[in-house]
Every structure is written in C-alpha cells, then in structure tokens.
Protein chains: 2
Amino acid sequence: MSCGVLYGVGVGPGDPELITLKGARVLAEADVILAASSTRNDFSLALDIVERHIRPGTPVERMGFPMTRDAAALEAAWAANADLAAGHLLAGRQAVFVTLGDPLTYSTFGYLFRTMRQRRPDLDPDCVRVVPGVTSFATAAAHVGQVLAESGESLTVIPGVKDEAAMRRLLEVTDNVAILKAYRNFPALRRMLTDMGLAGRSVLVTRLGLEGEMVYRDLAEAPENPHYFSLILVRAR
Amino acid sequence: MSCGVLYGVGVGPGDPELITLKGARVLAEADVILAASSTRNDFSLALDIVERHIRPGTPVERMGFPMTRDAAALEAAWAANADLAAGHLLAGRQAVFVTLGDPLTYSTFGYLFRTMRQRRPDLDPDCVRVVPGVTSFATAAAHVGQVLAESGESLTVIPGVKDEAAMRRLLEVTDNVAILKAYRNFPALRRMLTDMGLAGRSVLVTRLGLEGEMVYRDLAEAPENPHYFSLILVRAR
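Residues numbered from 1 in each chain as written. Chains lettered and ligands numbered in written order. Predicted model: local features only at pLDDT ≥ 70, side-chain atom pairs only at ≥ 80, totals over all residues. Heavy atoms only, no water.

### Some remarks on the pattern of salt bridges
- Counted according to the given criterion, the structure contains 26 salt bridges over all chains.
- Measuring nitrogen to oxygen at the nearest pair gives 2.9 Å for the salt bridge that ties Arg114(A) to Glu150(B). Residue Arg114(A) is found in helix H4 (residues 109-119), and its partner Glu150(B) is found in the loop between helix H5 (136-144) and strand E6 (155-159); the two belong to separate chains.
- For Arg190(B), the salt bridge goes to Glu224(B), with nearest N and O atoms at 2.5 Å. Here Arg190(B) is found in helix H7 (residues 186-195), whereas its partner Glu224(B) is found in the loop between strand E9 (214-216) and strand E10 (231-235), with 34 residues between them in sequence.
- Of the residues examined, Glu224(B) reaches a relative accessible area of 45% and is grouped as partly exposed.
- Members of the salt-bridge network, linked through shared partners, are Glu17(A), Arg25(B) and Glu29(B). (Salt bridge = Lys/Arg side-chain N within 4 Å of Asp/Glu carboxyl O. Helix = DSSP H or I, 4+ residues; strand = E, 2+ residues; numbered from the N terminus. Buried < 20%, exposed > 50% of the residue type's maximum accessible area, 1.4 Å probe, protein only.)

The following block contains the structure:
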C-alpha cells in the first residue's frame, strides 16, 4: 500500500539548537506538522523550535490529549488522532509529529504510534519513521557537569509519578538515577532521598533549558514546588 | 582565569545526520579536534561525522586510551590527555572532544572531564562545556519501532559487561531495559534472558546504524558473536 510518511521527530530538550540535522531537514520538507497539546508548556516550546525550520504557511495541527484518567475518553481521543495522522499518510503527505526530547522516551508519540498500528494494520511499517532526539536527562547532566553513567554502571530513569515503594527498590539496586518530572511529588521525593541517605548525592535542576534555570546541589535549599521542567540526578553509589 | 573552551560534543549514534545543530556549529568553529582512540570502530565513525563539519585543515589529535586493567597506566594516560586538553584551553583555543552518542552517557569524555577538574582545579568551570547527543538506545528503539518507556514506567540502561547477578536484580525490578554493547557476553545474556522468561520480550539490534544493520525479534535466531555495535532492548513487564 503506497502512502506518505509520518515522522515522529524528537526536537530535543527545548534549546532550538539541540534538534538534529535530520530533524531539521524533515521539518523543512513537511507538508503538515502535528503536535500533542498535552500541556501548554510542551506545546508552545516544541512549536517555537519547529517554527525556525518549517516552510512559511505549513499548517500545524494540535492533537488533543485529554488530561483524564478515564480510559475510554483517552482511547477515543487517541483513535481520533491516529485516524487524523493516517488520513495525511493516505493522502500521500509528509506529516511530522513533533515531541520534546526523544519520540520513544516518555513521549505522546508512543501512543499515536501504537494506536495507528492497531487501527491500520494494513499500513506499510516503513510509512511511519522515528527521528530520535536528545533527552532531558542527558541535557541536565550536561548543564550540571556530572557524568550520567560510565563503564560498568547502570542508569535508571524513573518518572516522578512512580509509586514510592517501586522507586525505592530501583534506587537500592541501580548505580545512577534520573527522576523525571520531579515537580509534583518533590517534597515526598526529597524526603525519600534523605531517608535513604542519598540527598547529598542528588542534584535538582529546575526550568531545565529555560530562562531562569537553577541547579540545586543541596536538596534542602530547593523550593517545595519546583517548576514543571524539573528533574533530579542521583549518583546512588 | 581567562581561557579557551573545551567542548565535549556528542555526535550521535553514527548517522551523520543525527548530530545536533549545536554540535555541528561547535565543530565548524573548532581550532582543534580531540578524539579518544579507544577502539578503531568508534574513532573512525566519529571522525567520519566530524569531517563533514570542520574547516579544512583543522588538526585532529588522537588521545590514547590504553585497553588495560592496569590502573596506574590508565591514570597516567588520562593525566596526559587532560594536560593536553588543558594546554589548548590555556592557549585560548576552542577544542572539541568528539564522542559517539552522548558525552556523559558511557563515554570516554567523562574520564577526561573528571581528570581535568582534578588536575586543574583553577580552571574556570565555564571553560568546559558539554553538548548532549542522541544515544544508541534511543536510536535502536527508533529502528526497531518500539517504545523505550512511557507513562509511569522505568527504563534501565545496563552495560553488557555488568555481572550477571547485578543484571538479574535490575531486570527483576525495572519495566524496560537496554543492554548496551551486548556483543562480548551475548551467549550468556541470551541464556539469562531465556531463564528469566524474557527472551520473547527482547530484541537484538546488531551493527546499529551501519551498513548491514539487523534486527532480531527472536533471540534464538541471533548469531553467537554479534557485531560490536549491538544492543538488546527488553520490555521486562
């Protein structure tokens, strides 16, 4: 079955220069841009990067991603998004779904990708392609000036919403940790890291890559409610 | 103390288009390029990417990184490398140390960075900067067409040389795993994953990003001695 191409492009952590050459090229060739309007922050930051690369007049379509735990509502929204993307493909267009960071690492692209495959098993797999991107945790390490992992060490990435028991089990057996989106549960995370004797081995970065970025090498000095773009790097052992 | 700048630049996984715009710009501005000659593969692949971006005639210096477990020999080699890099800085040059993937994720840049800080505590920290890059595991996921991690899941990255007991403990508590450099211990890794009931949830990618790349969705069909650029992605649960 002949078709256009849907690219999932990781535009990197927010700095417009941290998109790849391939990401920039694919954007410049795009007929239409797709972006999840999951949070206003992510959407406008991704779009700011995109606008430097697309041809003037290229349409941008926001894909609704309702902030709900209602599984049926979520599924319906993603089915509609997948059909919209498939429509562009079948019309022979090059559509580019943009996402901060990397498209397969905690990104909404994963949902779109899977839903499309479920709903359109007839689509040639080569019509959907992924351009990987620079992650927030690699960028945080660069800004802090700290190795993420080296030699025989393990590196575990944990979303800040993970339940505490699971997080503790991971912290007990891994060498290095990046806790993403550490904003909502920050007071609980700080308490846990302090309990485990890891507060002194942890660094919090807030407003990563934005105006007013802060690096807290002492968690005790961090604010109770850090910004949405916050993550913690832990050298656990 | 005034100085030039040493950049650690991640040139990405091997595809010359997967370097960032910033990485390409920093290379184009460089007075001198530094690269670890740790393995011939890595060195020549990184250099191939670099040559598309540097100004003609920019010198390239290989930094020896002896393949030995002799700690004193290693330390002496890295001290010499750090002094060489510091010499460029003190002469006011823009030196760029290039590394495949990301400079702070299992890269030789981590050693250089730390050794320089130990030997030259007087250097302004802002004279050493890191440009993050796209990792091999994000690229492998893109090629396989498989989500690395999503939503509340954890993602653990483990070097293939890690001892089996530690690897099993990690596989028991994490949701997704990327086992890097899975070439030397591949038969043992395959046995372990099979034992743990995870062989069917594992994908091996060999010659990642190179001519002849292969994706094995059935580990039983993989060769005993895969290529140096090999990694395994596991959706553990």
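### What about the sheet that holds strand E1 (residues 5-10) of chain A?
Residues and elements named next belong to chain A.
- The strand order E3-E2-E4-E1-E5 describes an open sheet built from five strands, whose pairing is parallel. Strands with a single pairing partner mark the edges of an open sheet, and in this sheet they are strand E3 (60-63) and strand E5 (128-131). Recorded for the sheet is a direction-independent mean angle of 25° between the axes of neighbouring strands.
- Relative to E3, strand E2 (residues 32-36) runs parallel, the two being bridged by four bridges. In the sheet register, Ala35 faces E3, and the bridge partner there is Arg62. (Pairing = 2+ DSSP bridges. Axes fitted to C-alpha atoms, helices over the stretch in contact; angles between N-to-C directions.)

### Examining the interface of chain B and chain A
- In this assembly, 50 residues from chain B lie in contact with 50 residues from chain A.
- If you sort the residues of chain B by the area they bury against chain A, Glu17(B), Leu21(B) and Leu104(B) come out on top, with a joint share of 16%.
- Applying the counting criterion to the chain B and chain A interface returns six salt bridges.
- For the pair chain B and chain A, the interface holds 27 residue pairs in polar contact (both at pLDDT 80 or more).
- Those elements giving two or more residues to the side of chain B that touches chain A turn out to be helix H1 (21-29), helix H4 (109-119), strand E5 (128-131), H5, E6 and helix H6 (164-173) of chain B.
- In terms of residues, the side of chain B that touches chain A owes the most to one element, H4(B), which gives five residues.
- Partitioning the side of chain B that touches chain A into residue classes produces 25 nonpolar, 13 polar and twelve charged.
- In this structure, strand E6 (residues 155-159) of chain A lies alongside E6(B), joined through three bridges in antiparallel fashion. The partner of Val157(A) across the bridge, within E6(B), is Leu155(B). (Contact = heavy atoms within 4.5 Å. Buried area = accessible area lost by both parts, 1.4 Å probe. Polar contact = N/O pair within 3.5 Å; in protein donor to acceptor, adjacent residues only side chain to side chain. Nonpolar A, V, L, I, M, F, W, Y, C, P; charged D, E, K, R; others polar.)

### Topic: the relation of the copies chain B and chain A
- Superposition record for chain B on chain A: RMSD 0.0 Å, screw rotation 180°, translation along axis 0.0 Å. Such values leave the two copies arranged in the relation of a two-fold axis.
- The fraction of interface residues of chain B whose copies in chain A are also interface residues reaches 100%, indicating that both copies meet through the same surface. (Least-squares fit on C-alpha atoms with pLDDT ≥ 70 in both.)

### Focus: the environment of Ile179(A)
All names here are of chain A.
- Looking at where Ile179 falls in the secondary structure, it is placed in strand E7 (residues 176-180).
- A residue is classified by how much of its surface remains accessible, and Ile179, at 0% relative accessible area, is buried.
- As a C-alpha pair, Ile179 and Ala141 span 38 residues in sequence and 12 Å in three-dimensional space.
- Those residues in contact with Ile179, other than ones at most four positions away along the chain, are Ile158, Gly160, Met167, Leu189, Leu193, Ser230, Leu231 and Ile232.

### What about the packing of aromatic side chains?
- Considering all chains together, one arrives at ten aromatic pairs over all chains under this definition.
- Taking 5.1 Å as the distance between ring centres and 70° as the angle between the ring planes, the aromatic pair formed by Tyr228(B) and Phe229(B) counts as edge-to-face. Just as Tyr228(B) is buried, Phe229(B) falls in that class too.
- The ring of Phe113(A) is capped by Arg117(A), whose NZ or CZ atom sits 4.4 Å from the centre of that ring. (Phe/Tyr/Trp six-rings, centres within 6.5 Å; stacked < 30°, edge-to-face > 60°. Lys NZ or Arg CZ within 6 Å of the ring centre and 35° of its normal.)

### Some thoughts on the side chain of Lys162(A)
- Among the structural elements, Lys162(A) can be located in the loop between E6 and helix H6 (164-173).
- Among the polar contacts listed, one links the side chain of Lys162(A) to the backbone oxygen of Gly152(B), at a separation of 3.2 Å.
- A polar side-chain atom of Lys162(A) sits 2.6 Å from a polar atom in the side chain of Asp175(B).
- Beyond its immediate chain neighbours, meaning those up to four positions away, Lys162(A) contacts Met167(A), Leu170(A), Gly152(B), Glu153(B), Ser154(B) and Asp175(B).

### Section: unusual backbone geometry
Residues and elements named next belong to chain A.
- One non-glycine residue, Arg207, adopts positive backbone phi at about 50°.
- Mapped onto the elements, Arg207 comes out in the loop between strand E8 (202-206) and strand E9 (214-216).
- Look at Arg207 and you get partly exposed, because its relative accessible area is 29%.

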